[in-house]
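Chain and residue survey
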Amino acid sequence: MPKQFKKSTDKNKRQKFAFKSPKGMHDILPDDQFYWERLSKYGKDVAEFYGYHKIETPILEDAEVFLKTLGEESDVVEKEMFFVKGGGKDKYVLRPEGTAPVARAFIEYGMSHRPQPVKLWYSGPMFRKEQPQAGRFRQFHQIGFEIIGGSIDPIYDAQIILASFHILEQAKIKNLVINVNSIGCRICRPHYRKKLIEYYKKNERDLCVDCKRRLKTNPLRLLDCKNANCAPLKVKAPSLLDNICVSCSSHLKLVLEYLDELSLPYVLNPHLVRGLDYYSKTVFEIFTDQSPLALASGGRYDYLLETMGSRPTPGTGSAIGMERVIELMRATHNASAKSSKEKVFFVYLGDLAKKKVLKLIEEFRRTNIITQESFGKDLIKRQMMLADKSGAQLALILGQREVFEETIIIRDLKSGVQETIPITKVVDVVKKRLQ
Ligand SMILES: [Zn+2]
Ligand SMILES: [Zn+2]
């Protein structure tokens, strides 16, 4: 379990306080907000630069949105969806992924009448009833990009990969490698599927229980099995790359040429398949050598919208797993760079001074300067200690004498140098000092 999510193991405390966040779901605590804000900003910057428009879909969706599109045999549909009671006749689920809801919105709001393709992005929580483990949570967050409509052009796949790649690069994740594959189309995949079944039938005895079942329902997933018995078998399995049709292989070739043009690091991985049914042609995952889990993933989904009742509309998309990226960011990001805003710390003595400070804070609110105080601590010495720890550059000290004389002391917390100034000038003087 990642460090940031470790909980107190003090047994005595546990017994007194039994409430916990739901299994596999985590609070994002104040200390971690820095990373979340940073990563969100990288996502927003990249989206804006490349002309993606933000979309927000509800956390709940009609269950059919996913049941119809992700595939009956996908792990998500089989066992990972959170159904929500209370929708009357309607069956709702907590969204397990972002693409199908965006496709639903595309159709519902007639976005096919806009200039094509439509470039959209989103950011938010997704929910899957998985067994919690490192990098896998029941509530997790994604930043996603979709390009929907227009023609089936491999350049959009390259653009989608590029957007995710740039965010990871901005997050200073090192040694990134894009795994790319094509899982074929309606024409060529059935032939490949047949070949794959024939191959695995001969080796059925050695397969794990899951693969024995998948062989009947979703044989492509066998290429993806991590079971020690199944893994060696995929080495000799017929390769997707040798079996896709001309249209699919020339599409893939162009995707790779665009990635070359952009100097993006990639490898062809013929065993890469994605867990969801709606993908066709290009699929990809982005890895770093610092983590066994994909940081970003996605692919083309040319049949998804059709499955949802629209006329044929191609699409391609990707999503970044924010928790996984943040886990790596905390190793590389400079904690001292945490706050870029200037800060001052108020120290006071006596009730009258306390009142004055309350009002002074309001005067600073109109500036870009953040103020801190510790109204609960009456001892000046204690307040000064907190001021030193706070990271503020200046302490503003108000004692009984200063209140009486309508002055205030400005103390540079690094050098210890201080001066007394008229209280009416404090905002201007502080502004100048912090420049
Ligand atoms: Zn094909
Ligand atoms: Zn297996």
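This is a predicted model, so every value here is computed, not measured. (Residues numbered from 1 in each chain as written. Chains lettered and ligands numbered in written order. Predicted model: local features only at pLDDT ≥ 70, side-chain atom pairs only at ≥ 80, totals over all residues. Heavy atoms only, no water.)

Okay, the packing of aromatic side chains next. The geometry of an aromatic ring pair is captured by the separation of the ring centres together with the interplanar angle, meaning the angle of the planes. Under the definition given, this model contains eight aromatic pairs. Both rings, one in Y278 and one in Y301, keep their centres 5.9 Å apart while their planes meet at 75°; by these two values the pair is edge-to-face. Residue Y278 is located in the loop between β8 (266-268) and β9 (280-288), and its partner Y301 is located in the loop between β10 (291-300) and α12 (304-307); the two are separated by 23 residues in the primary sequence. Grouping residues by exposure puts Y278 and Y301 together as buried. (Phe/Tyr/Trp six-rings, centres within 6.5 Å; stacked < 30°, edge-to-face > 60°. Helix = DSSP H or I, 4+ residues; strand = E, 2+ residues; numbered from the N terminus. Buried < 20%, exposed > 50% of the residue type's maximum accessible area, 1.4 Å probe, protein only.)

To continue, consider the coordination of the zinc ion (ligand 1). A four-donor tetrahedral metal ideally has 109.5 degree angles, and a six-donor octahedral metal ideally has angles of 90 or 180 degrees. Here the zinc ion (ligand 1) is held by the protein donor atoms C185 (SG), C188 (SG), C245 (SG) and C248 (SG), which lie 2.3 Å from it. Taken in chain order, the donor set of the zinc ion (ligand 1) reads C-x2-C-x56-C-x2-C. Taken as a pair, C188 in the loop between β7 (176-182) and α7 (189-202) and C248 in helix α11 (residues 246-261) lie far apart in primary sequence, 60 residues in all. Accessibility classification places C188 together with C248 in one group, the buried group. (Donors = N, O, S within 2.8 Å, 3.2 Å for Na, K, Ca; no water.)

Here we come to unusual backbone geometry. That bond from Q116 to P117 is cis: its omega, -5°, falls within 30 degrees of zero. Structurally, P117 is set in the loop between α5 (99-108) and β5 (118-127). Despite not being glycine, S263 has its phi angle at roughly 55°, a positive value. Non-glycine residue K281 carries a positive phi angle of around 50°.

Every protein donor of the zinc ion (ligand 2) is accounted for by C208 (SG), C211 (SG), C225 (SG) and C230 (SG), and the metal-donor separations fall at 2.2 to 2.3 Å. Considering all four donor atoms around the zinc ion (ligand 2), angles at the metal cover 103 to 114° and the coordination shape is tetrahedral. Look at where the donors of the zinc ion (ligand 2) fall in the sequence and you get C-x2-C-x13-C-x4-C. Note that C208 is positioned in the loop between α7 and α8 (209-217) and C230 in the loop between α8 and α9 (233-236), a separation of 22 residues in sequence. (Tetrahedral: all angles 85-135°; square planar, octahedral: opposite > 155°, others 65-115°.)

Attention now moves to the sheet that holds strand β2 (residues 60-62). Within the open sheet, the three strands sit side by side as β2-β4-β3. Their pairing is antiparallel. Strands with a single pairing partner mark the edges of an open sheet, and in this sheet they are β2 and β3 (83-84). The pairing of β3 with strand β4 (residues 92-94) spans two bridges and is classified as antiparallel. Bridge pairing links F83 to V93 in β4. (Pairing = 2+ DSSP bridges.)

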